[in-house]
Amino acid sequence: MSENHRLDDKALELEIERIKILFEKSNYNLEEKKWFLEAKMISAQKDNDVFAVEACKRLIKELKLDKITTVVAALIEKDGKYLIAKRNHGNADTVNKWEFPGGKVEIGESEEEAIEREIREEFEMEVKAIKFVNNCIWEYPERIIDLRLYECKYIAGDFHLHDHSEYRYVEKKDFLSYTMCPADIPLAKYVKESQL
């Protein structure tokens, strides 16, 4: 191996490490990491920075960011009980299973905006995202999701089901009595054990 090749490998590893340190300090979610790396790669290509381009490509692959979708879910409380809804579509892992309702974050949309929009679309209800609760990264056969749960406050509207066949308000101790979507189970356990 030539001396120049070893120096190139060292420079590449340093660039990868620099980006990883930035991620640790920034507290980016997976979708934000993906957007950051894609933007950095475009900028590096314009600047002919081959190390930055290659570092971004390797990190996207290493972190499986090309396969991760950020999904938000709502934790809506009413009289000490929490909203769950039964999906009427999806794959074998999710159809006819219960979940904290929500959906995919669209490009250019904050997670809070996404959860408010999703609840409006799925139930014709207005909610306000209050705070991030917890997340779960789950690998389904066809994709990986970063499911991010937000405590939400009910504002207005009556239930109209579009993407679900049923909904219920249940005590958190009863979450796991329902057959929940796999990605929702760790979040249900977290909420059940927390002091929310």
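Residues numbered from 1 in each chain as written. Predicted model: local features only at pLDDT ≥ 70, side-chain atom pairs only at ≥ 80, totals over all residues. Heavy atoms only, no water.

A count of helical and extended segments in the chain gives 5 helices and 7 strands. When the helices and strands of the chain are placed in sequence order, the string is α-α-α-β-β-β-β-α-β-β-β-α. Its C-alpha atoms give the chain principal-axis dimensions of roughly 70 × 30 × 30 Å. For the chain, buried positions account for 41% of its 196 residues. When the accessible surface of the chain is split by element, carbon and sulfur atoms take 48% of a total near 11200 Å². (Helix = DSSP H or I, 4+ residues; strand = E, 2+ residues; numbered from the N terminus. Buried < 20%, exposed > 50% of the residue type's maximum accessible area, 1.4 Å probe, protein only. Areas by Shrake-Rupley, 256 points an atom, 1.4 Å probe, with all protein chains shown as cover.)

In this structure the tally under the stated criterion is 18 salt bridges. Across the salt bridge formed by Glu 118 and Arg 117, the nearest N and O atoms sit 3.0 Å from each other. Put simply, Arg 117 and Glu 121 hold a salt bridge, and the shortest N to O gap is 3.2 Å. Here Arg 117 and its partner Glu 121 are both found in helix H4 (residues 111-123), 4 residues apart, which amounts to about one turn of the helix. What makes Arg 117 buried here is its relative accessible area of 14%. In the salt-bridge network here, residues are joined through shared partners; they are Glu 109, Arg 117, Glu 118 and Glu 121. (Salt bridge = Lys/Arg side-chain N within 4 Å of Asp/Glu carboxyl O.)

What follows concerns the confidence of the model for the chain. On average, the chain scores 89 in pLDDT, and the residues at 70 or more come to 96%. Within the chain, no element has a lower average pLDDT than helix H1 (residues 3-26), which sits at 78, and none a higher one than strand E3 (residues 98-99), at 98. Every residue in residues 1-5 scores below 50 in pLDDT, and together they form 2 contacts with partners more than four places removed in sequence or on other chains. (pLDDT = per-residue confidence, 0-100. Contact = heavy atoms within 4.5 Å.)

Further remarks concern the packing of aromatic side chains. Under the definition given, this model contains 10 aromatic pairs. Ring plane angle 80° and centroid distance 5.3 Å describe the contact between Phe 123 and Phe 159, whose orientation is recorded as edge-to-face. One end of the pair, Phe 123, is in helix H4; the other, Phe 159, is in the loop between strand E6 (144-156) and strand E7 (164-170), with 36 residues separating them in the sequence. Three or more aromatic residues joined by ring pairs make a cluster, and in this case those are Phe 123, Phe 159, Tyr 167 and Tyr 169. (Phe/Tyr/Trp six-rings, centres within 6.5 Å; stacked < 30°, edge-to-face > 60°.)

So, on to the pairing of strand E2 (residues 81-87). When you tally the buried positions in E2, you get 5 out of 7 residues, the bulk of the element. Sheet topology places strand E1 (residues 68-78) next to E2; 2 bridges connect them, and they run antiparallel. Residue pairing for E2: Lys 78 is matched across the bridge by Lys 81. Following E1, the chain reverses through 2 residues before pairing antiparallel with E2; Asp 79 in that reversal takes a positive phi of roughly 55°. Pairing between E2 and E7: 6 bridges, direction antiparallel. (Pairing = 2+ DSSP bridges.)

Counted at 1.5 Å a residue, the expected span for helix H3 (residues 50-62) with its 13 residues is 18 Å, and the 18 Å between its end C-alpha atoms agrees. What H3 keeps buried is the set Ala 52, Val 53, Ala 55, Cys 56, Leu 59 and Ile 60. All buried residues of H3 lie within an arc of 165° about the axis, which places them on one face of the element. Counted as exposed and oriented over 90 degrees from the buried face of H3: Val 50 and Lys 61. (Expected span 1.5 Å × (residues − 1). Arc of directions from axis to C-beta.)

What follows covers unusual backbone geometry. Even without a glycine there, the phi angle at Asn 48 is positive, about 55°. Among the structural elements, Asn 48 can be located in the loop between helix H2 (30-46) and H3. A relative accessible area of 65% places Asn 48 in the exposed class.

This part is about H4. In an α-helix, one turn spans 3.6 residues; hence positions three or four apart end up facing the same way. Across its 13 residues, H4 extends 18 Å between first and last C-alpha, which sits within 8% of the 18 Å expected from 1.5 Å per residue. Burial in H4 covers these residues: Glu 111, Ala 114, Ile 115, Glu 116, Arg 117, Glu 118, Ile 119, Glu 122 and Phe 123. At its buried positions, H4 is contacted by E1, E2, strand E4 (102-104), strand E5 (126-139), E6 and E7. Immediately downstream of H4, the backbone of Glu 124 shows phi near 60°, a positive value.

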